Amino acid sequence: MNPLDIQKVVKYVEDNIAAFHIKRIENINKLKLSQVLKRKNPYLFKAKYMQTSEQIIRGIVDAHISSNEETIFGNWLEGLAIFINNEVYGGYKSGITGIDLEFNKDNIRYIVTIKSGSNWGNSSQIKKMLSDFKTAKKILRTSNSQINVVAINGCCYGIDRNPDKGEYFKYCGQEFWHFISGEENLYIELIKPLGYKAREKNDDFMLSYTQMINKFTREFSNSFCKKNGDIDWKKLVEFNSKKTNK
């Protein structure tokens, strides 16, 4: 084990955080109104008394962005966690399906699946993770039958007061960052470097965002509004749900 040099972590964040912001902008620039409308519930728009094109557009775009950013930033945090663990324990990105990180500590091989928050999965997703852990243990023990393998579900934020799940451990928030780094307060120290040039990058994002809102609002009005300006709900529902001939 090597002590963590927090300045190396700061440099890693500053050198790589731009990738997160770039992906945010790339994602919003690739959005197509027709694709988003096909995936959203038109009945919900009506039930929420959305009466203008912009209300609907902001609703669907904001929902898409929120969901997508969680995924993008989750992947970015995974890279940060692997970097930190490599600095301390020599850990590395696993080549085994479903496993994000492998490292050795106290004669134990840890296999880690990294998620963003503590409430990340439904029962079928948890079952898939357990299957991946089982397969990974089998693969590792094929080459070394004596190896002691422990499975970890690491979550970058949140709390789980009962980490021992029987077949694996679930470490969240402070406990996860402490586990992979040996530093008890790392979870707090990460906040400052994550804000590196955040305002500047967010200004770039907001430019793309407002352009997209204006563009989609115009497209939606042209396609799904009547001449008097009312939303043509029949046409919108048909676009979203009407059966088409093959």
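Caption draft 1: Structural detail: the overall build of the chain. For the chain, the count of helices and strands is ten helices and five strands. Its C-alpha atoms give the chain a radius of gyration of 23 Å, clearly above 18 Å, the size a compact globule of 246 residues would have. For the chain, the C-alpha atoms occupy an extent of roughly 75 × 45 × 35 Å along the three principal directions. In the chain, which comprises 246 residues, the proportion classed as buried is 41%. Considering only intrachain contacts with a sequence separation of at least 6, the fraction spanning at least 24 residues in the chain is 64%. Of the roughly 14700 Å² that the chain leaves accessible, carbon and sulfur atoms contribute 49%. Both charge centroids of the chain, one from 38 positive and one from 28 negative side chains, sit 11 Å from each other.

Caption draft 2: Inspection of the environment of Asn-16 at higher detail. Positionally, Asn-16 belongs in helix 1 (residues 6-29). The spatial distance from the C-alpha of Asn-16 to the C-alpha of Ser-67 is 21 Å, given a sequence separation of 51 residues.

Caption draft 3: Here's a closer look at the sheet that holds strand 3 (residues 108-117). Taken in spatial order, the five strands line up as 1-2-3-4-5 in an open sheet, and their pairing is mixed. The sheet terminates laterally at strand 1 (92-93) and strand 5 (169-172), the two strands that pair on one side only. Along the sheet, helix 4 (residues 53-89) makes contact with strand 1, strand 2 (101-105), strand 3 and strand 4 (149-157), crossing strand 2 at roughly 25 degrees. Across the sheet, helix 6 (residues 174-181) lies against strand 2, strand 3, strand 4 and strand 5, angled at about 105 degrees from strand 5, the strand it touches most.

Caption draft 4: Representation of the packing of aromatic side chains in the model. Enumeration according to the criterion identifies 15 aromatic pairs in this entry. Considering the side-chain rings of Phe-133 and Tyr-168, the 5.9 Å spacing of their centres and the 40 degrees angle between planes classify their relative orientation as tilted. Of this pair, Phe-133 sits in helix 5 (residues 123-143) while Tyr-168 sits in the loop between strand 4 and strand 5; the two residues are 35 residues apart in sequence, bridging distant segments of the chain. Judged by relative accessible area, Phe-133 falls into the buried class, the value being 2%. Chaining the aromatic ring pairs together yields one cluster made of Tyr-89, Phe-103, Tyr-110, Phe-169, Tyr-171 and Phe-179.

Caption draft 5: Quick peek at the nonpolar core. With 31 residues, the main nonpolar core has Leu-80, Val-112, Phe-176 and Trp-177 as its most contacted residues. Broken down by secondary-structure element, the contributors of at least two residues to this core are helix 1, helix 4, strand 2, strand 3, strand 4 and helix 6. Ranked by residue count, the leading element in this core is helix 4, at nine residues. Residue contacts for Trp-177: discarding those within four places in its chain leaves Leu-77, Leu-80, Ala-81, Ile-84, Cys-156, Gly-182, Glu-183, Leu-186, Tyr-187 and Leu-190. One finds Ile-57, Ile-65, Phe-216 and Phe-224 within the second-largest nonpolar core, a separate group that totals 24 residues.

Caption draft 6: Main features of the packing of helix 4 against helix 9 (residues 198-224). Running from amino to carboxyl end, helix 4 crosses helix 9 at an angle of 135 degrees, the nearest separation of the two axes being 9 Å. Relative to helix 9, the element helix 4 is oriented oblique. Along this stretch, helix 4 crosses helix 9, giving a crossing that reads as right-handed. Of the residues in helix 9, those touching helix 4 at Ser-53, Glu-54, Ile-56, Ile-57, Arg-58, Val-61, Asp-62, Ile-65 and Glu-69 are Phe-205, Tyr-209, Ile-213, Phe-216, Thr-217, Phe-220 and Ser-221. Class assignment of the residues belonging to the contact of helix 4 with helix 9 gives a composition of nine nonpolar, three polar and four charged.

Caption draft 7: Focus on the pattern of salt bridges. Within this structure, the stated rule accounts for eleven salt bridges. When the shortest N-O distance is used, the salt bridge between Asp-160 and Lys-170 registers 3.8 Å. Of this pair, Asp-160 sits in the loop between strand 4 and strand 5 while Lys-170 sits in strand 5; the two residues are ten residues apart in sequence, bridging distant segments of the chain. Taken as a pair, Asp-160 and Lys-170 share a single burial class, namely buried.

Caption draft 8: Representation of the packing of helix 1 against helix 4 within the structure. The N-to-C vectors of helix 1 and helix 4 enclose an angle of 155 degrees; their axes lie 10 Å apart at closest approach. Here helix 1 is positioned roughly antiparallel relative to helix 4, judged by the angle of their axes. When the axes of helix 1 and helix 4 are compared, the crossing they make is right-handed. When helix 1 is examined against helix 4, the residues Lys-8, Val-9, Tyr-12, Val-13, Asn-16, Ile-17, Phe-20, Lys-23, Arg-24, Asn-27 and Ile-28 are found in contact with a partner set consisting of His-64, Ile-65, Asn-68, Glu-69, Ile-72, Phe-73, Trp-76, Gly-79, Leu-80, Phe-83, Ile-84 and Glu-87. Across the contact of helix 1 with helix 4, the residue classes break down as 13 nonpolar, five polar and five charged.

Conventions and cut-offs
- Residues numbered from 1 in each chain as written.
- Predicted model: local features only at pLDDT ≥ 70, side-chain atom pairs only at ≥ 80, totals over all residues.
- Heavy atoms only, no water.
- Helix = DSSP H or I, 4+ residues; strand = E, 2+ residues; numbered from the N terminus.
- Rg over C-alpha atoms; globule rule 2.2 N^0.38 Å.
- Buried < 20%, exposed > 50% of the residue type's maximum accessible area, 1.4 Å probe, protein only.
- Contact = heavy atoms within 4.5 Å.
- Areas by Shrake-Rupley, 256 points an atom, 1.4 Å probe, with all protein chains shown as cover.
- Lys, Arg positive; Asp, Glu negative; His and termini not counted.
- Charge placed at Lys NZ, Arg CZ, Asp CG, Glu CD.
- Pairing = 2+ DSSP bridges.
- Axes fitted to C-alpha atoms, helices over the stretch in contact; angles between N-to-C directions.
- Phe/Tyr/Trp six-rings, centres within 6.5 Å; stacked < 30°, edge-to-face > 60°.
- Core = buried A, V, L, I, M, F, W, Y, C linked by side-chain atoms within 4.5 Å.
- Parallel < 35°, antiparallel > 145°, perpendicular 65-115°, else oblique.
- Left-handed = near helix turned anticlockwise from the far one by under 90°.
- Nonpolar A, V, L, I, M, F, W, Y, C, P; charged D, E, K, R; others polar.
- Salt bridge = Lys/Arg side-chain N within 4 Å of Asp/Glu carboxyl O.

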